[in-house]
Amino acid sequence: MIFEAEDISCGYGNQKVLEHISMSVRSGEVFCLLGPNGVGKTTLFRSMMGSLPLMAGSIRIDGEDLSRWSVRRRARTIGYVPQVHTPPFPFTVIDVVTMGRTAYLGHTASPSRRDVEIAEQALEKLGVSYLHDKIYTEISGGERQMVLVARALSQQPQMLVMDEPTANLDFGNQVRVLEQVNSLAEQGMAIVMTTHFPDHAFLCGSRIGLLRRDGFDIGAPNEVVTEETLRRAYGVDVRIVEKVVDDVGKLKSCIPIVRNAADRRTSDRWQ
Amino acid sequence: MDRVASKNMVDDGRKLGMFARLRNCGDFAASATMILLAILIIIMLLSMTMGQYDMGLPEIVGALAHHFFGIEMDGYESVHETVIISVRFPRVVAATVIGMALAAAGASYQGLFRNPMVSPDLLGASSGAAFGAAIALLLGGDQIAVQISAFACGLFAVGLSYWVSNIVSRGQNVILALVLTGMVVSSMFSAFISIIKYVADPDTKLPSITYWLLGGLTSIHNENLPMLIIPIAVGIIPILLFRYRLNVLSFGEEEARALGVNTTLVRGIYILCATLVTSAAVAASGMIGWVGLVIPHLSRFIVGPNYKALMPISVLIGGLFLLVVDSVTRIFFQVEVPLGVLTALIGAPFFLYLLAKGKKSWV
């Protein structure tokens, strides 16, 4: 599968937020979308899913224009993983995950035993079957994120769109979510995700889009995430360090130069 | 035993109440629906046996069988049929159907607006319909005129809320804008009702308008029963058919669409149907509050938030609740107590109790 956005402009009403954006993602690839707050990541995201009409350009999946697809067909192809949230009603986890089957149900139908099985498989795949009967509103943020991924998987999509899947998660859960992202991509899923951490680009991105106020860089992680581009995008000083560790190979990370921290490092008091 | 059960539930990480564990036992919801349906029918029949003129269950069944199917059973007397068919039957049916309508509308609005604290009063449905009915009463319209006028104004109020909220929200925060404009439209129509009361003839029109607004079923007869039942049936059927979609809709517009729900269509169906049944109920019985708020909560307590089970249960408990309340006023009180006053007296403390006891089930 290939998802292509070609020269799209998006925005609300008459207000253009982004112009001339082109990108593509294939099965097995992880496309990481980086960019500072307020630059239009969410807008781009909503346009890519087809929930915000394009102002110009086109989005195609395997050459077919996405805007001509019904919501049902879209939902069977693109699974959406929103940021962790709290719905107003205390659904059980299995109920939430089974809702991923809605696009396959008749208009007046409720999920069948088969749909619940597909949802159970999605939970199992992510290793969170123990959540099955828990109340979604009462589990932890990391667990909820997994449940939302499971719901998207039960849509049996070819592509996953994840909105800051690591936001509000503790360190361990962030790593666990990123591991799942990589493993899903290995199994042939095309993944688009937004993140606030350039490191995630090195950890799981196969292609990176860096959205700046004055442009859009796109390419492999090593080309796009550099000290220079990060400085231009976020306006902060960053060093990229590499280290070869014996049993894991080469590690690469972005370390921001935080001024006060540097002062402290040089001062004896803090040593 | 209750204590043991609740301890287990804490262990399970679930504190929803005594039904929480049963809920996952597969057919619990289906059995609960069947049991409630049976209870409802039994109470309807029992309620018809009671009143100023005492009758037994066989007489009721005999009269109903004769009236509807032309079967003459043993011990059939036409005087029974007269009392039952022209007095008790319409009242019992009306109470049940209105309770069902208000509960279905409340459950629908709660899912639609992702807010367990809303009720049919939202969107201006109730007060719009009440204004329509009041103006028809003022102009001396008959029952049918009252019903039609209530419908028209109820739908107009909702349409107005919907239209204005679309302008105000410009595509963002649709839900909040709708709730706020609904409140504004609602209070506007309440003001119109006050004007009508102010200009109404205090000797003839004012008492009837005031009494009707308080909520009561005394004016329901066999002739106007179809005007109540037909619109409510027309509204409740789609509410029940599409109910699974309400679950998805309660996660918000964006997610529901990403999950494959045509949100504009489903939201439109629910707003239209919920308003239709609310208007029909208000036109027939005035402002009966609390049913639409309390019953969906109580039902969520029993079967959980999944609309697949919640909607039918809400409808049945709504019917049962209003039937019992109305039967009690009819049978035990010498003077007719307005139904709206009683539902508030029962509903408000009960709602507080639910809030205090198990807030986890909806927050």
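All residue numbers refer to position in the chain's written sequence, counted from 1. In the order they appear in the text, chains get letters beginning with A and ligands get numbers beginning with 1. Only residues with pLDDT of at least 70 are given local features in this predicted model, and only at 80 or more are side-chain atom pairs given and counted; all residues enter the totals for whole chains, interfaces and linings. The side-chain values count all of the structure's non-hydrogen atoms but skip hydrogen atoms and water molecules.

Caption draft 1: Main features of the overall build of chain A. Looking only at helices and strands, chain A features 10 helices and 12 strands. Structurally, chain A occupies a C-alpha span of about 70 × 45 × 35 Å along its principal axes. Classification of the 271 residues of chain A by burial places 52% in the buried group. Contacts are residue-level and defined by heavy atoms, with any inter-residue pair within 4.5 Å sufficient. Contacts in chain A between residues far apart in sequence, at least 24 positions, make up 64% of those at least 6 positions apart. Accessible areas in this description were obtained via Shrake-Rupley with a 1.4 Å probe; residue shielding takes into account the shown protein chains only. About 12,600 Å² of surface is accessible on chain A, with carbon and sulfur atoms providing 47% of the total. Numbering of helices and strands starts at the N terminus; helices are DSSP runs of H or I of at least 4 residues and strands are runs of E of at least 2. Burial classification: accessible surface area is computed with a 1.4 Å probe over protein chains only, and a residue below 20% of its type maximum counts as buried, one above 50% as exposed, and the rest as partly exposed.

Caption draft 2: Representation of the nonpolar core. Residues enter a nonpolar core if they are buried and are Ala, Val, Leu, Ile, Met, Phe, Trp, Tyr or Cys, with the set joined through side-chain atoms within 4.5 Å. In terms of nonpolar packing, the biggest core is built from 133 residues, with L160, I191 and V225 of chain A together with I84, I98, Y109 and L228 of chain B touching the most fellow members. With 19 residues, helix α5 (residues 78-112) of chain B is the largest single contributor of residues to this core. Setting aside anything within four residues of it in sequence, one finds L228 of chain B in contact with A94, V97, I98, I220, A280, A281 and A284 of chain B. Counting 29 residues, the second largest nonpolar core, distinct from the first, contains C10, L18, I78 and V192 of chain A.

Caption draft 3: Seen up close, the packing of α5 of chain B against helix α14 (residues 291-303) of chain B. Residue and element names in this part refer to chain B. In contact at an axis separation of 7 Å, α5 and α14 are set at 75 degrees when each is read in the N-to-C sense. One element, α5, and the other, α14, form an angle in the roughly perpendicular class. Within the contact between the two elements, α5 uses G99, L102, A103, G106, A107 and Q110 and α14 uses V291, G292, L293, I295, P296, H297 and R300. For helices, the axis comes from a line fit to the C-alpha atoms of the stretch in contact; other axes are also lines fit to C-alpha atoms, and the angle between any two N-to-C directions lies between 0 and 180 degrees. Under this scheme an angle from 65 to 115 degrees is roughly perpendicular, one under 35 degrees roughly parallel, and one over 145 degrees roughly antiparallel; angles in between are oblique.

Caption draft 4: Quick look at the packing of aromatic side chains. Aromatic contacts are taken between Phe, Tyr and Trp rings whose centres are within 6.5 Å, Trp giving its six-membered ring; a plane angle under 30 degrees counts as stacked, one over 60 as edge-to-face, and the others as tilted. Tallied over the entire structure, the rule returns 11 aromatic pairs over all chains. For the pair F131 of chain B and F192 of chain B, a centre-to-centre distance of 5.4 Å together with 45 degrees between the ring planes defines the contact as tilted. With F131 of chain B in helix α6 (residues 125-138) and F192 of chain B in helix α8 (residues 174-199), this residue pair connects regions lying 61 residues apart in the sequence. Here R73 of chain A stacks its cationic end above the ring of W69 of chain A, 3.9 Å away from the centre of that ring. We count a charge as sitting over a ring when the NZ of a lysine or the CZ of an arginine lies within 6 Å of the ring centre and within 35 degrees of the ring normal.

Caption draft 5: Fine view of the sheet that holds strand β4 (residues 56-61) of chain A. All names here are of chain A. A pair of strands is treated as paired once DSSP finds two or more bridges between them. The sheet built from four strands is open, its strands ordered β2-β1-β4-β5 with antiparallel pairing. Sheet topology places β2 (15-26) and β5 (64-65) at the edges, where each strand pairs with a single neighbour. Examined bridge by bridge, strand β1 (residues 2-12) and β2 share eight bridges and lie antiparallel to one another. Each residue of the ladder has a partner; that of F3, found in β2, is V25. Against the sheet, helix α1 (residues 41-49) touches β1, β2 and β4, its axis set at about 125 degrees to β1.

Caption draft 6: A look at helix α13 (residues 263-285) of chain B. For α13 of chain B, built from 23 residues, the straight-helix expectation of 33 Å at 1.5 Å per residue is met to within 8% by its first-to-last C-alpha distance of 32 Å. Once α13 of chain B ends, the next one or two residues include G286 of chain B, with phi positive near 75 degrees. Here the expected span of a helix is defined as 1.5 Å times the quantity of residues minus one.

Caption draft 7: Structural detail: the state of the cysteines. Residue and element names in this part refer to chain A. By disulfide we mean two sulfur atoms from cysteines, separated by a distance within 2.5 Å. Counted under the stated rule, the structure contains zero disulfides over all chains. Just so you know, C10 is unpaired, no disulfide at all, and the nearest cysteine sulfur is the one on C32, 19 Å from it. For C10, a relative accessible area of 0% translates into the label buried.

Caption draft 8: The arrangement of the confidence of the model for chain A in detail. Residue-level confidence of the predictor is what pLDDT reports, using numbers from 0 through 100. Taken residue by residue, chain A gives an average pLDDT of 90. The fraction at 70 or more is 96%. By mean pLDDT, helix α10 (residues 259-266) of chain A is the weakest element of chain A at 65, and helix α3 (residues 93-98) of chain A is the strongest at 96.

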